[in-house]
Each structure stands twice: as structure tokens, then as C-alpha cells.
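Structural overview for review
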Amino acid sequence: MTPQEQFAAERQERLAAYAQDTEFKDLSRQWLQQSMHKKYVYNYDWLGRPIIQYPQDMVAIQELVWTVRPDLIIETGIAHGGSLILSASMLAMLDMCDAIEAGTTIDPRQSSRKVIGIDIDIREHNRAAIEAHPMASRIQMFQGSSIGAEVVKQVHDAAKGYQKVMVFLDSMHTHDHVLGELDAYAPLVSKGSYCVVFDTFVDDMPPKFFADRPWDVGNNPKTATRQWLKSHPDFKVDPAMESRLMVTVAPEGFLKRD
């Protein structure tokens, strides 16, 4: 066994142990609950734009993008734009790596890869900041309900011609809305790629934890995902990612298409 194979084998053994470690999983869930209560998730920027994500999930997205090498990422939920900038910067890195490996030069403002962002209300100051960002040339935004027929059609039209598609769902977190987003956008995910459903952790929190929000235990992205998967056997939960992260807002939310 080579050193690289040994390292990989040790990692797999460690992750398998994490999955069975009830104490570690409980501690991780408790920390997630306390940190969410203290709004820890609001503390980070990505390349200058606020990103409402945990560092673990940002690293997870990096791993998935590098592995899949998508030419299109579709995101629901824009907020301050940090997640769009993260995705666009990862696609820019893929462009650069492709050029390095091929020994060619590129115009960094031009790319065959793109990020599509959808939000029911793109605040003007956020739109202006996103459009002024160096990554803006890789970003296309649509305003409107992510499950509205007109927006869904616009996104499907914009997605035509792309070969490797990845989807991130992170807008309204009610059961019915997420179910609608899965129906609308998961079919665009290419084989071997992912649809990541964020904030499935809501179902693991105490009831009324988000007292000022319409989602709650029993009505959230995890309940929607579980229902949707029953009729879509070509998608399966990737348990390795959850075991690796331990702290994530997307337990059972990393869906891989076979």
C-alpha cells in the first residue's frame, strides 16, 4: 500500500468510526445548536461578501466543486451574495487550473462556467455589491420566487447547454417550498453531481427554536428531502460528507445523483 493509499484508508476508517460515535455526534449537535443561538453563522465573509454558512460547509462545497468540476452551479437564496461569490471563485479556480494543466492563457473575465442565483427579493445594495465584485462576470441573477413558473422556466432556459450542473437550495426552508425547489431544479443535476439541501438541521433542533420563522420541526428541508427521495431513486444521501464534517447545517442534505 502506498503512503497515499494508507492515508486514504485511515481517513475512511476514521469517518466510519465517527458515524457510530454517538457521543461525538451529540456534542456536535449541541455545539451547532448553541452556535446557531448565538448567530455564529453570520460571522464570515467570502472574498469580501458576507456568507451565511459554517466554515465546515464552505469547505464541503470546495471539495464537491473540485471533485465534480461543474460548469454551472444553480443557487436558490442570495442574501448578501457571499455564497454566489464562493461558487464563482471556485469556478474561476477551475478555469485557472484547466489553463495551467493545458499550458494555455485565459482572459479571467471570460468563462464558459457560470453561477445562477435566485432570490425573491434581491436588495439593491446587495445587487450593487455583487455586480461590482471581480467575480461578477460569472454570475447571473434572477429575482422572483424560486418555485414560480416564470422563474423556473428562465433558469431552465439559462441552463441549456451546460454539461455538469450542481444545485444548492438555501432559500425558504418550509417543507412545501423545498419540495417545490427539488422538483424544479434537482432534475438539472448531472449524473455524479450533487444537489445540496441546506438547513436540514432544523428538524434536529428543539421545537420553536426558530420562533420568528415559518419552518420548524416537522416542517423543514429535511422532511421535504426525505419525502422527495422516496420517488427519486437516482438520488441518494452521501453519508460520507456528513460524517466528515460532523458540524453541518445540511445533515442528510448532500444528495448525489447516480
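Refer to the preceding data block for the structure.
Just so it is clear, the model here is predicted, and its values are computed rather than measured.

**Comments concerning the pairing of strand S9 (residues 254-257)**
Alignment of strand S7 (residues 194-197) against S9, held across three bridges, turns out to be antiparallel. Paired with Tyr-194 across the strands is Lys-256, a residue of S9. As defined by bridge partners, strand S8 (residues 235-237) adjoins S9 across three bridges and the pair is classed as antiparallel. Residue pairing in the sheet places Lys-236 in a bridge with Lys-256 of S9.

**As for the sheet that holds S8**
Taken together, the seven strands give an open sheet; going across it, the order is S5-S4-S3-S6-S7-S9-S8, and neighbouring strands pair in mixed fashion. Unpaired on one side and paired on the other, strand S5 (139-143) and S8 mark the two borders of the sheet. Averaged over all neighbouring strand pairs, the angle between strand axes comes to 20°, with direction disregarded. Here helix H3 (residues 55-68) sits on the sheet in contact with strand S3 (72-76), strand S6 (165-169), S7 and S9, set at roughly 165° to S6. Contacts from helix H8 (residues 221-230) reach S7, S8 and S9 within the one sheet, and its direction differs from that of S8 by about 135°.

**Observations concerning the pattern of salt bridges**
Summed over all chains, the structure comprises 18 salt bridges. Its salt-bridge partner being Arg-113, residue Asp-95 comes within 2.6 Å of it at the nearest N-O pair. Here the residue Asp-95 occupies a position in helix H4 (residues 82-102), and Arg-113 occupies one in the loop between H4 and strand S4 (114-119), the gap between them amounting to 18 residues. According to the relative accessible area criterion, Asp-95 is buried, its value standing at 10%. In this structure Arg-113 comes out as buried when scored by relative accessible area, which is 10%.

**Some thoughts on the nonpolar core**
Counting residues in hydrophobic clusters, the biggest one holds 43 residues, and the most contacted among them are Val-65, Ile-139, Phe-201 and Phe-254. Sorting the residues of this core by element identifies helix H2 (22-37), H3, H4, S5, S6, S7 and helix H9 (239-245) as the ones contributing at least two each. For this core, the element with the most residues is H4, which contributes eight residues. In contact with Val-65, other than residues within four places in its own chain, are Pro-70, Ile-73, Met-90, Leu-91, Leu-94 and Met-166. In this structure, Ile-118, Val-197, Leu-229 and Phe-235 belong to the second largest nonpolar core, which totals 28 residues.

**Details of unusual backbone geometry**
At Leu-47, a residue that is not glycine, the phi angle is positive and equals roughly 50°. Relative to the helices and strands, Leu-47 is located in the loop between strand S1 (44-46) and strand S2 (49-51).

The rules behind the values
Every residue gets a number counted from 1 within its own chain, in the order that chain's sequence is written. Thresholds applied to this predicted model are a pLDDT of at least 70 for local features of residues and 80 or more for the giving and counting of side-chain atom pairs; totals over whole chains, interfaces and linings are not thresholded and use all residues. Where side-chain values are given, they derive from all heavy atoms of the structure, hydrogens and water being excluded. DSSP-based pairing: two strands are paired if at least 2 bridges between them are found. Think of it this way: any DSSP run of H or I at least four residues long counts as a helix, any run of E at least two long counts as a strand, and we number them from the N terminus. Interaxial angles span 0 to 180 degrees and are taken between N-to-C directions of axes, which are lines fitted to C-alpha atoms, for helices over the stretch in contact. Any two residues having at least one pair of non-hydrogen atoms within 4.5 Å are treated as being in contact. Counted as salt bridges are all cases of a side-chain nitrogen of Lys or Arg within 4 Å of a carboxyl oxygen of Asp or Glu. In this scheme, a residue with accessible area under 20% of its type's maximum is buried, one over 50% is exposed, and one in between is partly exposed, where area comes from a 1.4 Å probe on protein chains only. Buried Ala, Val, Leu, Ile, Met, Phe, Trp, Tyr and Cys residues that are joined via side-chain atoms within 4.5 Å together make up what is termed a nonpolar core.

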